[in-house]
Amino acid sequence: MGRYFAIRIGRAALTIVLVVTFAFVVLRLSGDPALMILGPEAPPEVLAAFRKAWGLDDPIWFQYLDYFHAIAKGELGRSMRDGRPAIQLVLERIPATLALTLPAFFFKVALGIPAGIYAALHRGSAIDRAVMMTAVAGFTVPSFVLALLLVLVFAVQLGWLPSGGQDSWRHAILPIVTLSLGGAAVLARFTRSAMLEVLGQPYIRTASAKGVPWRKVVTSHALPNAAIPTVTILGFMVGTLIAGAVVVESVFSWPGVGRLLVVAVANRDLAVVQCILLLVAMTMVTSNLIVDFLYGFLDPRLRAKGAHA
């Protein structure tokens, strides 16, 4: 057990380091922050002074080591736009993002899992086909397209809901619906596949042959075993609570972390972008690590396999 958990923790730490390294390198190769913030018409001496003040004139390897040294001290840098700590800017936006993503996660689970179970138990029926067609549509339509369609119908044509902003709870309805539908579609398809795989196992047929009521076969044998792989996709969705809102927050002008990331990337505000990416990476890695731990407790075979990985 200890070796299994140690391997997972080591892989999680390595993943975070790789993500931070990739983001660091790509951001510094994507453009000069001095030109983006001060403009190309700024005098060369002003640009040089800005680069020196923010350490942008140092070799990239030195900037890289300095960045990790700052992280080790709990310092995530300051915004090049206003000089405020990057972590402060991000923390101010997290409540707005969670106000969308947490309800959306609840609706994903409440819609997707029951729909997938029902479709699996009625395989081949008209309801099964309708659920799967709806799930495929929800899965394939990009979130920004769905968001624009919802705005066109419910905000522009019907006038029932506002098209953007954060003035009241009504402004959150369309973003939450947009975030919910795609995830519910994924859960419905995944849950249906898991249920069908379990229902085809010999122990299900054996339980039915022994006269066990079908309802008990489903609730006591099929659902618990189908739930194990579903934990994976749920863990992934928890990990993307922040990252998944980038497009939706931009479309609906919602002042959350996702919109802050878009603005920071456009402005080459390196510290803010790196802070958000670090937060997203840690959230995703932590959620996947928790899933690995749950797998280790739920299925001893995985612990035995992980100990030799």
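None of these values were measured; they are calculated from a predicted model. The residue count restarts for each chain, going from 1 along the sequence in the order it is written. Only residues with pLDDT of at least 70 get local features here, since the model is predicted, and only at 80 or more are side-chain atom pairs given and counted; chain-wide, interface and lining totals rely on the full set of residues. Side-chain descriptors were evaluated using all non-hydrogen atoms of the structure, hydrogens and water having been removed beforehand.

1. Some points on the overall build of the chain
- Helix and strand definitions follow DSSP, with helices as H or I runs of at least four residues and strands as E runs of at least two, each counted in order from the N terminus. Scanning the chain from terminus to terminus reveals 14 helices and zero strands.
- Each helix and strand of the chain, ordered N terminal to C terminal, gives the series α-α-α-α-α-α-α-α-α-α-α-α-α-α.
- Note on classification: 1.4 Å probe, protein chains only; a residue is buried when its accessible area is under 20% of the maximum for its type, exposed when over 50%, partly exposed between these limits. Residue burial in the chain is summarised as follows: out of 309 residues, 39% are buried.
- Within the chain, counting contacts between residues at least 6 apart in sequence, those at least 24 apart form 74% of the total. Contacts are assigned to residue pairs that have any heavy atoms within 4.5 Å of one another.

2. Points about helix H4 (residues 60-72)
- The terminal C-alpha atoms of H4, which comprises 13 residues, lie 18 Å apart, in line with the 18 Å expected from a rise of 1.5 Å per residue.
- Buried within H4 are the following residues: Gln 63, Tyr 67 and Ala 70. Down the axis of H4, the buried set is contained in an arc of 65°. They therefore lie on one face. Counted as exposed and oriented over 90 degrees from the buried face of H4: Trp 61, Leu 65 and Ala 72.
- Two residues or fewer after H4 comes Gly 74, characterised by a positive phi angle close to 85°. Take the number of residues in a helix, subtract one, and multiply by 1.5 Å to get its expected span. Read the arc as the range of directions from the helix axis to the C-beta atoms.

3. Some words on empty space enclosed by the protein
- A 1.4 Å probe that fits but cannot get out identifies a cavity on a 1 Å grid over protein atoms alone, an open set with protein on both sides within 12 Å along at least five of seven lines counts as a pocket, and a residue lines either if it has an atom within 4 Å of a point. Grid points are joined across faces, edges and corners, and a volume is the space filled by probe spheres set on the points. Here the structure, examined in full by the defined rule, presents one cavity of 30 Å³ or more.
- Looking at the largest cavity, its volume works out to about 40 Å³.
- As for the largest cavity, its lining consists of Val 19, Val 20, Ala 23, Tyr 67, Gln 274, Leu 277 and Leu 278.
- Elements supplying a minimum of two residues to the lining of the largest cavity: helix H1 (2-29) and helix H13 (270-298).
- Polar here means any residue other than Ala, Val, Leu, Ile, Met, Phe, Trp, Tyr, Cys and Pro, which are nonpolar, and Asp, Glu, Lys and Arg, which are charged; Gly is therefore polar. Here the residues of the lining of the largest cavity sort into six nonpolar, one polar and no charged.

4. Section: the packing of aromatic side chains
- Whether two aromatic rings pair depends on their centres lying within 6.5 Å, for rings of Phe, Tyr and Trp, where Trp uses its six-membered ring; planes under 30 degrees apart make the pair stacked, over 60 edge-to-face, and the rest tilted. Throughout the structure, instances matching the rule amount to seven aromatic pairs.
- Clustering of aromatic rings is evident, with ring pairs tying together Phe 24, Tyr 64, Tyr 67 and Phe 68.

5. What about the packing of helix H5 (residues 86-121) against helix H6 (residues 126-140)?
- Only C-alpha atoms enter the line fits that serve as axes; for helices the fit covers just the stretch in contact. Angles between N-to-C directions range over 0 to 180 degrees. Contact geometry of H5 with H6 gives a least axis separation of 8 Å together with a crossing angle of 140°. Of the two elements, H5 crosses H6, and the hand of that crossing is left-handed. Along the contact surface, H5 presents Ala 115, Tyr 118 and Ala 119, while H6 presents Ile 127, Asp 128, Val 131 and Met 132.
- When its residues are assigned to classes, the contact of H5 with H6 shows six nonpolar, no polar and one charged. By definition, any crossing whose near helix is turned counterclockwise from its far helix by less than a right angle is left-handed, and any crossing with a clockwise turn is right-handed.

6. Structural notes on the environment of Asp 57
- Mapping Asp 57 onto the fold places it in the loop between helix H3 (44-53) and H4.
- Counting along the chain gives 25 residues from Asp 57 to Asp 32, while the straight-line C-alpha distance between them is 11 Å.
- The residues contacting Asp 57, other than those within four sequence positions of it, are Arg 51 and Lys 52.

7. Describing the side chain of Ser 180
- Residue position: Ser 180 is located in helix H8 (residues 173-199).
- Polar contact is defined as a pair of N or O atoms within 3.5 Å, subject to the rule that within protein one atom must be able to donate a hydrogen and the other to accept it, and that residues adjacent in sequence are counted only when both atoms are side-chain atoms. Of note is the side chain of Ser 180, whose polar atom sits 2.6 Å from the backbone oxygen of Ile 176.
- Apart from the residues lying within four places of it in its own chain, the contact partners of Ser 180 are Ala 104, Phe 107 and Lys 108.

8. With respect to the nonpolar core
- What makes a nonpolar core is a set of buried Ala, Val, Leu, Ile, Met, Phe, Trp, Tyr and Cys residues whose side-chain atoms join them at distances within 4.5 Å. The biggest cluster of nonpolar side chains holds 30 residues, and the ones touching the most others in it are Phe 50, Met 80, Val 90, Val 257, Leu 260, Val 272 and Ile 276.
- Among the elements that make up this core, the one with the highest residue count is H13 (eight residues).
- Setting aside chain neighbours within four positions, we find Phe 50 in contact with Pro 33, Ala 34, Ile 37, Leu 38, Leu 56 and Met 80.
- Within the second largest apolar cluster, 18 residues are counted, among which are Val 218, Ala 226, Ile 233 and Met 237.

9. Brief notes about the side chain of Arg 268
- Structurally, Arg 268 is set in the loop between helix H12 (257-267) and H13.
- The buried category is assigned to Arg 268, whose relative accessible area is 19%.
- Apart from the residues within four sequence positions on either side, Arg 268 is in contact with Ser 30, Gly 31, Pro 33, Met 36 and Met 80.

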